[in-house]
Amino acid sequence: GKESPNFKDRTGEKYTTNEGYEITIIACRGNRDCDIKFTGGHILTGINYAHMKKGNIKNPYHKSVFGVGYFGTGKYKSKSQDKHTIEYRFWKAMMERGYSKSYSDKQSSYKDVTVCDEWHNFQNFAAWFENNYNPDVMEGFALDKDILIKGNKIYSPKTCCFVPQEVNNLFKVTKSCRGEYPVGVHLNNKLKIKALLSKKGKQEDLGTFKTPEEAFKAYKTAKEEWIKIMA
């Protein structure tokens, strides 16, 4: 529409945002249609001058998620109809596993987990998500980082895939209830060393062994076989 008579070309004016970034107006077609440049060099277009004056312009490269992740510039949105999009929920949960101390304190298996630099940018992760996640067949699937590469600690395009939650659970190590013995090894009430493997919620008895090491070896072999069948 036509610009109001009190329109003033604001090109060259500088402001500081509430996040602490300096922005410069590099083009001004109207009070609600300004282009701005951040000190870092990236540009946002079609910005409302009033929002700028109040400092309400968000830097898409501000590391707002656990001090590491940032939104980036691109077509992917974090919200749709006031709900977080599925790709944003996966991304945020992944960043939490990698960079939330309270999470890794609770889940010790995530202690040294990180996310590759490329995926610190939500837009990059969302593009990969779109190409790899099929909502028709993958509802309830988990984002897994160590099935393709055993023991892997880095979330990245090369190391991640989507797997059914049940397959993902096969890799989880639960420390409650087993005490001092390795995973899968138990001392029964007759003080015999047993190896037990959980299959679809039911415990399978793998036999009695002389030492915890032998029992664990039997458990490990059976578990790897079961993972192959499930996968």
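Conventions used here
- Residues numbered from 1 in each chain as written.
- Predicted model: local features only at pLDDT ≥ 70, side-chain atom pairs only at ≥ 80, totals over all residues.
- Heavy atoms only, no water.
- pLDDT = per-residue confidence, 0-100.
- Helix = DSSP H or I, 4+ residues; strand = E, 2+ residues; numbered from the N terminus.
- Contact = heavy atoms within 4.5 Å.
- Polar contact = N/O pair within 3.5 Å; in protein donor to acceptor, adjacent residues only side chain to side chain.
- Pairing = 2+ DSSP bridges.
- Axes fitted to C-alpha atoms, helices over the stretch in contact; angles between N-to-C directions.

K.L.:
Can you lay out the confidence of the model for the protein chain for me, pointing to particular residues and giving the numbers?
P.N.:
A residue-level look at the protein chain finds 89% of positions with pLDDT of 70 or above and a mean pLDDT of 87. Of all helices and strands in the protein chain, the one with the weakest mean pLDDT is helix 5 (residues 165-170) (68), whereas strand 9 (residues 154-155) scores best (98). This model gives residues 174-178 a pLDDT under 50, and the stretch forms 4 contacts once residues within four places in sequence are excluded.

K.L.:
So what's going on with the side chain of asparagine 152? Residues and values would help.
P.N.:
Mapped onto the elements, asparagine 152 comes out in the loop between strand 8 (141-144) and strand 9. In terms of polar contacts, asparagine 152 uses its side chain to reach the backbone carbonyl oxygen of isoleucine 154, at 2.7 Å. If we skip the residues at most four places from it in the chain, asparagine 152 touches Lys145, Asp146 and Thr159.

K.L.:
Kindly report on the pairing of strand 12 (residues 193-199), identifying the contributing residues and their values.
P.N.:
Summarising the sheet, strand 11 (residues 185-187) and strand 12 pair through 3 bridges and their orientation is antiparallel. Pairing of valine 185 across the sheet is with alanine 195, part of strand 12. Pairing of strand 12 with strand 13 (residues 202-209) involves 6 bridges; the strand directions are antiparallel. Bridging from a neighbouring strand, lysine 199 pairs with lysine 202 of strand 13. Linking strand 12 back to strand 13 in an antiparallel pair, the connection comprises 2 residues, with lysine 200 at a positive phi of about 50°.

K.L.:
Just give me the short version of the sheet that holds strand 13, but keep the residues and values in it.
P.N.:
On the basis of which strands lie adjacent, the open sheet formed by 3 strands has the order 11-12-13 and antiparallel pairing. Two strands in the sheet have a free side with no partner beyond their single neighbour: strand 11 and strand 13. Strand-to-strand, the axes of this sheet are offset by a mean angle of 35°, without reference to chain direction. Together, strand 11, strand 12 and strand 13 form the strand contacts of helix 6 (residues 212-230), whose direction differs from that of strand 12 by roughly 15°.

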